[in-house]
Amino acid sequence: MPRRFHAADELLPPATFLKRSLAIVYDGLISIAVLLVTTGIYTMITGWANGWVTNWDAPLKKADSGQISGDPGLTFVLFLVMYLFFAYFWTRLGQTLGMQVWRIRIENLNGTSVSWSQALRRYVSAAGVLFLALLAGYYLGAATLFLSVPAMLALFFPINGLSVTDRLSDSVVVSLAKQPKAN
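Analysis parameters
- Counting restarts for each chain, with residues numbered from 1 along the sequence as it is written.
- For a predicted model such as this one, the threshold for reporting local features is a pLDDT of at least 70, and the threshold for listing and counting side-chain atom pairs is 80 or more; totals across whole chains, interfaces and linings nevertheless cover every residue.
- Neither water nor hydrogens contribute to the side-chain values; these are computed over all heavy atoms in the structure.
- Each axis is a line fitted through C-alpha atoms, taken for helices only over the stretch in contact, and angles between the N-to-C directions span 0 to 180 degrees.
- Numbering of helices and strands starts at the N terminus; helices are DSSP runs of H or I of at least 4 residues and strands are runs of E of at least 2.
- An angle below 35 degrees is read as roughly parallel, one above 145 as roughly antiparallel, one from 65 to 115 as roughly perpendicular, and any other as oblique.
- By definition, any crossing whose near helix is turned counterclockwise from its far helix by less than a right angle is left-handed, and any crossing with a clockwise turn is right-handed.
- The criterion used for residue contact is that any of the two residues' heavy atoms lie within 4.5 Å.
- What makes a salt bridge here is a side-chain nitrogen of Lys or Arg within 4 Å of a carboxyl oxygen of Asp or Glu, nothing more.
- Residue exposure (1.4 Å probe, protein chains only): buried if accessible area is under 20% of the type maximum, exposed if over 50%, otherwise partly exposed.
- Exposure above 30% relative accessible area and no salt bridge define the residues that can form patches, which grow by joining like charges within 9 Å and nonpolar side chains of Val, Leu, Ile, Met, Phe, Trp and Tyr within 5 Å.
- The Shrake-Rupley method, run with a 1.4 Å probe, gives the accessible areas here. Residue values count only the displayed protein chains as cover.

Enquirer: Lay out the packing of helix α1 (residues 17-49) against helix α3 (residues 72-92) with the relevant residues and their values.
Expert: Relative to each other, α1 and α3 sit at 135°, their axes nearing to 10 Å. Taken together, the axis directions place α1 and α3 in an arrangement best described as oblique. In this structure, α1 crosses over α3, and the sense of that crossing is right-handed. Two secondary-structure elements touch here, α1 through Asp27, Ile30, Ser31, Val34, Leu35, Thr38, Thr39 and Tyr42 and α3 through Gly73, Leu74, Val77, Leu78, Val81, Met82, Phe85 and Phe86.

Here's what the structure looks like:
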């Protein structure tokens with residue numbers, strides 16, 4: 001059951017690019033902490049499963065010798081945890097912690113909370129553009145900054161109030177009015 005934030009006929013102004021960007025930076029810092037904790041837990045679980053509990057130097061020795069190059073399981077877990085993190089906040093409150101600080105919210109055009117599938121479309125579209133930009137930067141070098149930076153900016157830059165992620169997820173990011181202080 002979607003949560004109603006305000007009346008369907010009430011229109012809130014779209015969030016500015018500056019507010020969106022500042023919320024992304026704030027949420028990025030929180031995301032780093034979530035990723036570090038998740039990586040630590042994942043490493044401990046896989047270490048226990050691989051018998052490294054008695055010898056925690058074993059993964060370091062394998063990494064130094066080149067036997068460990070990457071872990072697709074960890075990549076999947078991190079991607080899933082970040083989706084669950086963002087989708088939980090978007091579907092329940094309409095705001096992540098960074099969005100609360102900058103008083104912006106994701107909602108449907110009728111003032112209700114977004115669904116889990118809308119959150120997935122929003123998350124995958126943003127992650128896809130970021131992945132392609134990083135991949136191009138890795139293989140093509142710094143010259144791709146001329147293409148990837150504008151692509152990432154276009155992903156979140158609102159044109160007529162809607163960014164690319166807004167259009168793909170059939171939602172909108174709105175600015176909230178400052179709450180008056182109660183005396």
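Now, onward.
Enquirer: How would you sum up the pattern of salt bridges? Please name residues and give values.
Expert: Scanning the entire structure with this criterion turns up four salt bridges. We note a salt bridge from Arg121 to Asp170, for which the minimum N-O separation is 3.6 Å. Placement of the pair is Arg121 in helix α5 (residues 116-140) and Asp170 in the loop between α7 (164-169) and β2 (172-175), with a sequence separation of 49 residues. Given the relative accessible area of 53%, Asp170 is considered exposed. The partner of Asp166 in a salt bridge is Arg122, with the nearest N and O atoms 2.7 Å apart. Taken together, the residues span a long stretch of sequence, with Asp166 in helix α7 and Arg122 in helix α5 at a distance of 44 residues. Salt bridges sharing partners connect three or more residues here, namely Arg20, Arg122 and Asp166.

Enquirer: Could you give an account of a nonpolar patch on the surface, naming the residues involved and the relevant values?
Expert: Judged by side-chain polarity, Leu18, Leu22, Tyr26, Leu97, Val101 and Trp102 come together as a nonpolar surface patch covering roughly 500 Å² of accessible area. If you list the elements that add at least two residues to the nonpolar patch, you get α1 and α4 (97-101). Under the relative-accessibility criterion, Leu18 is labelled exposed at 58%.

All we've got here are geometric facts, nothing functional implied.
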